[in-house]
Amino acid sequence: MPRLRIDLAYDGGGFAGWAAQPGQRTVEGELSAALATILRAPDPIRLTVAGRTDAGVHARGQVAHVDVAPEAFASLPGRSARVPEQAAGERLNAVLPADIVVRSVSVAPPGFDARFAPLWRRYRYRLCDNPAAFDPLRRHDTVVLKSPLDVTSMNAAARLLVGLNDFAAFCKRREGASTIRELLAYDWSRDDDGIVVGTVRADAFCHSMVRALVGALVPVGTGRVGIDFPARVLRAGVRDPRVKVMAPHGLSLEEVRYPADAELMARATLTRSVRAPVDR
């Protein structure tokens, strides 16, 4: 069965997260139904995703894979001159709702696994600390704060969290799931519109980890706690009531990076050996 890589983006505001849930509108549910439609499959299509985004979280660089029947895949172009990959992307976008867009569909190389093969995932969080200057057209992807933020202090605190650590203090625990992650980069900057943008990159993230990492830095930026506060919470290993899990709509999955094709299988094997089944 050919394995297809699907690169997609979505506005998470109208979804109860990625994962299919009975009675809930989810990204996986919509994409699975669309695939079943174009492939004329009698049953829901099973998808594997790089990052299981929570309810309200957006994505510009999400990646999923799906194994499809070769006959159904080959039939997608119909009588057109399109290749099956092109036909798959165009036909998916024709039936998907407007808040999901398939960027591309490609036949995945051997060893590709959307979930276990990534080298890292990169997320972005947007904060406006000047309510009078807030652009209301960005209200669905930017969180407004009433207090100004000191980006320099936030960066100093963020650097103390980078590395291989147990991030239990910033994760919603799940039975049997590891909370050890390698935080590869965490930095803050102010863009041309004055928006404070946090960028977080790690090999993987556990449940609510990114929004909790942002919540640990906001009180540093407002001066309510010292620069060493997030690092002290990390070392304590337990949730701290002063660390707020930030609103989901400010967060977006921006990019998932995979190794060279020849290294995909080895990377997926390594990840499976050290990761729990609910990694994000």
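Our subject is the structure listed above.
Parameters and conventions
- Residues numbered from 1 in each chain as written.
- Predicted model: local features only at pLDDT ≥ 70, side-chain atom pairs only at ≥ 80, totals over all residues.
- Heavy atoms only, no water.
- Buried < 20%, exposed > 50% of the residue type's maximum accessible area, 1.4 Å probe, protein only.
- Helix = DSSP H or I, 4+ residues; strand = E, 2+ residues; numbered from the N terminus.
- Contact = heavy atoms within 4.5 Å.
- Polar contact = N/O pair within 3.5 Å; in protein donor to acceptor, adjacent residues only side chain to side chain.
- Core = buried A, V, L, I, M, F, W, Y, C linked by side-chain atoms within 4.5 Å.
- Pairing = 2+ DSSP bridges.
- Salt bridge = Lys/Arg side-chain N within 4 Å of Asp/Glu carboxyl O.
- Axes fitted to C-alpha atoms, helices over the stretch in contact; angles between N-to-C directions.
- Parallel < 35°, antiparallel > 145°, perpendicular 65-115°, else oblique.
- Left-handed = near helix turned anticlockwise from the far one by under 90°.
- Nonpolar A, V, L, I, M, F, W, Y, C, P; charged D, E, K, R; others polar.

(A) How the structure looks around helix α4 (residues 151-159). Where burial is concerned, most of α4 is hidden: 7 out of the 9 residues are buried. Turning to α4, the residues buried within the fold contact β8 (180-190), β9 (196-202), α5 (209-222) and α6 (229-236). The N-cap of α4, judged by a side-chain oxygen 3.0 Å from the amide nitrogen of T152 a few residues on, is D150.

(B) Highlighting the environment of T179. Mapped onto the fold, T179 is located in the loop between β7 (163-166) and β8. Assessed through its relative accessible area of 9%, T179 is described here as buried. It is 9.8 Å that separates the C-alpha atoms of T179 and A204, two residues lying 25 residues apart in sequence. Contacts of T179, omitting those with residues within four sequence positions, involve N165, D166, F167, A168, C171 and C206.

(C) Quick look at the nonpolar core. Formed by 83 residues in total, the largest nonpolar core has its most connected members in W18, L127, F170, Y186 and W188. Per-element tally for this core: the top contributor is α5, with 9 residues. Setting aside anything within four residues of it in sequence, one finds F170 in contact with H207, S208, M209, A212, L213, A216, P230, V233, L234, R239 and V243.

(D) Structural context of the pairing of strand β5 (residues 120-128). Most of β5 is tucked away, with 8 of its 9 residues classed as buried. In the sheet, β5 pairs with strand β10 (residues 251-257) via 6 bridges, with the strands oriented antiparallel. Within the sheet, the bridge partner assigned to Y123 lies in β10 and is L253. By the bridge criterion, 7 bridges tie β5 to β9 in an arrangement that is antiparallel. Each residue of the ladder has a partner; that of Y125, found in β9, is G198. Relative to strand β6 (residues 143-144), β5 is paired through 2 bridges, and the arrangement is parallel.

(E) Quick look at the pattern of salt bridges. Taken as a whole and assessed by the stated rule, the structure comprises 17 salt bridges. For R138, the salt bridge identified is with D141, shortest N-O distance 2.5 Å. Judged by its relative accessible area of 29%, R138 is partly exposed. Here D141 falls in the buried class, since its relative accessible area comes to 14%. Across the pair D240 and R242 runs a salt bridge, and its minimum N-O distance is 3.0 Å. Among the residues examined, D240 registers a relative accessible area of 16% and is labelled buried. The class for R242 is partly exposed, based on a relative accessible area of 48%. Beyond isolated ion pairs, a larger network of salt bridges with shared partners links R126, R138, D141 and D191.

(F) Local environment of α6. Here α6 has its buried residues at F229, P230, A231, V233 and L234. Those residues of α6 that are buried are in contact with α4, β7 and α5. Backbone geometry just downstream of α6 places G237 in the positive-phi region, at approximately 75°.

(G) Representation of unusual backbone geometry in the model. We note that R40 has phi near 55°; this positive angle belongs to a residue other than glycine. Position of R40 among the secondary structure elements: in the loop between α1 (27-39) and β2 (48-49). Phi is positive for S208, which is not a glycine, with a value near 70°. Relative to the assigned elements, S208 resides in the loop between β9 and α5. A relative accessible area of 8% places S208 in the buried class.

(H) Region of interest: the environment of V105. Looking at where V105 falls in the secondary structure, it is placed in strand β4 (residues 100-107). Judged by relative accessible area, V105 falls into the buried class, the value being 10%. Distance from V105 to L127, taken between C-alpha atoms, is 33 Å for residues 22 residues apart in sequence. In contact with V105, not counting residues within four places along its chain, are L4, R5, I6, E85, A88, G89 and L92.

(I) View of the packing of α4 against α5. For the pair α4 and α5, interaxial distance at closest approach is 8 Å and the crossing angle is 140°. In terms of orientation, α4 lies oblique with respect to α5. Note on packing geometry: the crossing formed by α4 with α5 is right-handed. For the pair formed by α4 and α5, the contact residues are S153, M154, A157 and A158 on the first element and L217, V220 and G221 on the second. Considered class by class, the residues forming the contact of α4 with α5 number 5 nonpolar, 2 polar and no charged.

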